[in-house]
Amino acid sequence: MDRRSFMATTGTASLVGGALAAGAGLTAPAAEAAEHRPDKGRTVRFNIISDIQGDLADFGKALDDLHRINPGSAGLGIAGDITPRGYDFEYAAVRQTLGRHPHPKNIAWAIGNHEFYVPKYSDPNTLAQATWPNGTTEDSLFRSFYNFAERNKVYAETSFGGVPVLSLGTERYSHYHDAKLWDEVWISDEQFAWLEDRLAYWARRRRPVMVLTHHPLPNTVSGTHNKLYLNDYLQPDRLLSILGRHKDVFLFSGHTHWDLNLSDWVVRRVVPGTGNLEGFTVVNTSAVQVGWMDDGKGGEVSLGDAFNQGLQVEVGPHSVVIKARDFTTGTWLKQLTVPLHTSA
């Protein structure tokens, strides 16, 4: 059983010509907002974090640091594991923390596997996996997320200063459907069709698109060559085939908690058969809660509690700059510049 089976009590690189040096339900108001291009020559700055998992002190510290470095942030993306288990009172605590710290008005939420961990408890204080799901229905877990995120679907589009941000997520908690599965992501035909449509829409308008998802795709960023993360998606090839057609798509994924100091924190993923020989950009979001890294034996080792990392993304007319931030020390770790094909 791996560490996610249950909840336990400066360097600079660049992308040149599209190749990485380090390795290879939309609402009407949202649609209208997304149509507004950033002013010509203006850079839109926003931030992305993930994996809060109940570490509200570090979440507050991250919000304060982000406000210092980017007080006019166009938005905040949170790539899943918003809560430790998915209880309504845990979602409420996240809202309370947001209320006590400065933060952007626009927030894009993605659902994570920890949003489905209530069934592992007979009550908030008693882990009871032997009696899973302990009376908790799958539908109730989704309703809790929908109420918190103020929408009625897992997937959604948000505009950060005119930059489209697409949030993806599982539409089933797999253990309800197959006793041999747990956190694996299942995406409906409807969500796949929606993703294809939105990416095509923005490609016709020559606009870069940010995609936010909790689970990483295999063989992409840090940790995803580890056996622990090779099977997070039940339909990985279908998702890759959609994303892989677009040179100016940026996929941000969390879940691994792996350190942004690692060389493969950003990669360019080429998907055979898509006709796009330059691939698309994949970025590790790291984590607010405790960090992890490879143990050299095919598993992981904890980096301890003094860990709190995230990203700043700066979308300009000709390139996207991605910056890695350490919120504990208040320092930049590294940055990478990705030229945009849409600027041509």
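Residues numbered from 1 in each chain as written. Predicted model: local features only at pLDDT ≥ 70, side-chain atom pairs only at ≥ 80, totals over all residues. Heavy atoms only, no water.

(A) Structural view of unusual backbone geometry. With an omega of 10 degrees, the peptide bond between Trp132 and Pro133 qualifies as cis. You will see that Asn134, though not glycine, has its phi angle at about 55 degrees, which is positive. On the accessibility criterion, Asn134 (22% relative accessible area) is partly exposed. Positive phi outside glycine occurs at His255, with the angle close to 80 degrees. When you line up the elements, His255 lands in the loop between strand 11 (249-253) and strand 12 (266-269). Given the relative accessible area of 4%, His255 is considered buried. (Buried < 20%, exposed > 50% of the residue type's maximum accessible area, 1.4 Å probe, protein only. Helix = DSSP H or I, 4+ residues; strand = E, 2+ residues; numbered from the N terminus.)

(B) Quick peek at the packing of helix 3 (residues 88-100) against helix 4 (residues 138-149). Across the interface, helix 3 lies against helix 4 with an axial gap of 10 Å and an inter-helix angle of 20 degrees. One element, helix 3, and the other, helix 4, form an angle in the roughly parallel class. For helix 3 against helix 4, the interelement crossing comes out right-handed. Across the interface between the two elements, Asp88, Tyr91, Val94 and Arg95 from helix 3 touch Ser144, Phe145 and Phe148 from helix 4. (Axes fitted to C-alpha atoms, helices over the stretch in contact; angles between N-to-C directions. Parallel < 35°, antiparallel > 145°, perpendicular 65-115°, else oblique. Left-handed = near helix turned anticlockwise from the far one by under 90°. Contact = heavy atoms within 4.5 Å.)

(C) Looking closely at the pattern of salt bridges. Here the structure, examined in full by the defined rule, presents twelve salt bridges. Where Asp189 meets Arg238, a salt bridge forms, and the shortest distance between an N and an O atom there is 2.8 Å. Note that Asp189 is positioned in helix 5 (residues 189-204) and Arg238 in helix 6 (residues 236-243), a separation of 49 residues in sequence. Overall, Asp189 belongs to the exposed group, its relative accessible area being 53%. (Salt bridge = Lys/Arg side-chain N within 4 Å of Asp/Glu carboxyl O.)

(D) Summary view of the packing of aromatic side chains. All chains considered together, the criterion is met by 13 aromatic pairs. Arranged with centres 5.2 Å apart and planes meeting at 25 degrees, the rings of Tyr87 and Phe89 form a pair that is stacked. Residue Tyr87 is classed as buried on the basis of its relative accessible area, which comes to 13%. When the centroid spacing of 4.6 Å and the interplanar angle of 55 degrees are considered together, the rings of Trp132 and Tyr176 count as tilted. Pair noted here: Trp132 is in the loop between strand 7 (126-127) and helix 4 and Tyr176 is in the loop between strand 9 (163-167) and helix 5, with a separation of 44 residues, a long-range link. When its relative accessible area of 17% is taken as the criterion, Trp132 is described as buried. Given the relative accessible area of 24%, Tyr176 is considered partly exposed. By the ring-pair criterion, three or more aromatic residues cluster together here, those being Phe116, Trp132, Phe142, Phe145, Tyr146, Tyr173, Tyr176 and Trp182. (Phe/Tyr/Trp six-rings, centres within 6.5 Å; stacked < 30°, edge-to-face > 60°.)

These values are about where atoms sit, not about what they do.
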